[in-house]
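The primary structure of each chain is shown beneath.
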Amino acid sequence: MLPSVLRCVRPVSTSLSLSRPLAHFRPHMDPDPSRPVERSIRTKLTDQLTPDHLEVHNESHMHAVPPGSESHFRVLVVSSQFEGLPLIKRHRLVNEALKEELSSCVHALAIQAKTPEQWGSNPSLAKSPPCLGGSRGDHTVEEKLKAGRE
């Protein structure tokens, strides 16, 4: 039980975002052990989609979850595997790659899936809206998160 809880909680820190293509820097080769969910997301997307560019942002700190949580993420994936695919199929590829995380401790995943050409013409990551506090008044959030991981 405890290892599954620890898998989704980490010390508070800022997320690493890549500003270079993965050809120059492959973060999954040197994973941060204090962020197992982020590391898993990064590794699986890299292995399954071979992206030209990948950004994984843990946005849990922006939501009503305990400090150190790894429950809310935003990803930017730039891959030639997205060529000719509609947006819904791109998102399905990302969701399929992360099905284990999405069925366990990842509560929310915002996806930007671009082709290299789209990334070349618009190399930006959309900003997340502020949390509206959906569970801020619920003092049992921590217990619910733990129960969902068991």
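Residues numbered from 1 in each chain as written. Predicted model: local features only at pLDDT ≥ 70, side-chain atom pairs only at ≥ 80, totals over all residues. Heavy atoms only, no water.

A.B. asks: Mind showing me how you'd approach the sheet that holds strand β2 (residues 72-78) here?
C.D. replies: Within a sheet, each strand pairs with its neighbour through backbone hydrogen bonds, oriented either parallel or antiparallel. Across the sheet, three strands lie side by side as β1-β2-β3; this open sheet has mixed pairing. Only two strands of the sheet have a single partner each, and these edge strands are β1 (53-58) and β3 (108-114). Adjacent strand axes in the sheet meet at a mean angle of 10°, parallel and antiparallel pairs treated alike. Those strands touched by helix α3 (residues 87-97) are β2 and β3, and its axis lies near 125° from that of β3. (Pairing = 2+ DSSP bridges. Helix = DSSP H or I, 4+ residues; strand = E, 2+ residues; numbered from the N terminus. Axes fitted to C-alpha atoms, helices over the stretch in contact; angles between N-to-C directions. Contact = heavy atoms within 4.5 Å.)

A.B. asks: In this structure, what is going on with the nonpolar core? I would like to understand it.
C.D. replies: The tendency in soluble globular proteins is for nonpolar side chains to be buried as a group. Ranked by size, the top nonpolar core spans 17 residues in total, and within it I41, L45, V75, V77 and V94 carry the most contacts. Those elements that place two or more of their residues in this core are α2 (36-49), β1, β2, α3 and β3. Looking at this core element by element, the count peaks at four residues for α2. (Core = buried A, V, L, I, M, F, W, Y, C linked by side-chain atoms within 4.5 Å. Buried < 20%, exposed > 50% of the residue type's maximum accessible area, 1.4 Å probe, protein only.)

A.B. asks: For this particular structure, what's the right way to read the pattern of salt bridges?
C.D. replies: Here the idea is simple: oppositely charged side chains can pair when their charged atoms come close. Scanning all chains against the criterion turns up six salt bridges. Salt-bridge contacts for E38 lead to R35; the nearest nitrogen and oxygen are separated by 3.6 Å. Accessibility classification places E38 together with R35 in one group, the buried group. The network of salt bridges with common partners includes R35, E38 and R42. (Salt bridge = Lys/Arg side-chain N within 4 Å of Asp/Glu carboxyl O.)

A.B. asks: I'm lost on α2 in this one. Help?
C.D. replies: Look at α2: 20 Å from first C-alpha to last across 14 residues, which is about the 20 Å you get at 1.5 Å a residue. Among the residues of α2, P36, V37, E38, S40, I41, R42, L45, T46 and L49 are the ones counted as buried. At the C-terminal side of α2, T50 shows a positive phi close to 35°. (Expected span 1.5 Å × (residues − 1).)

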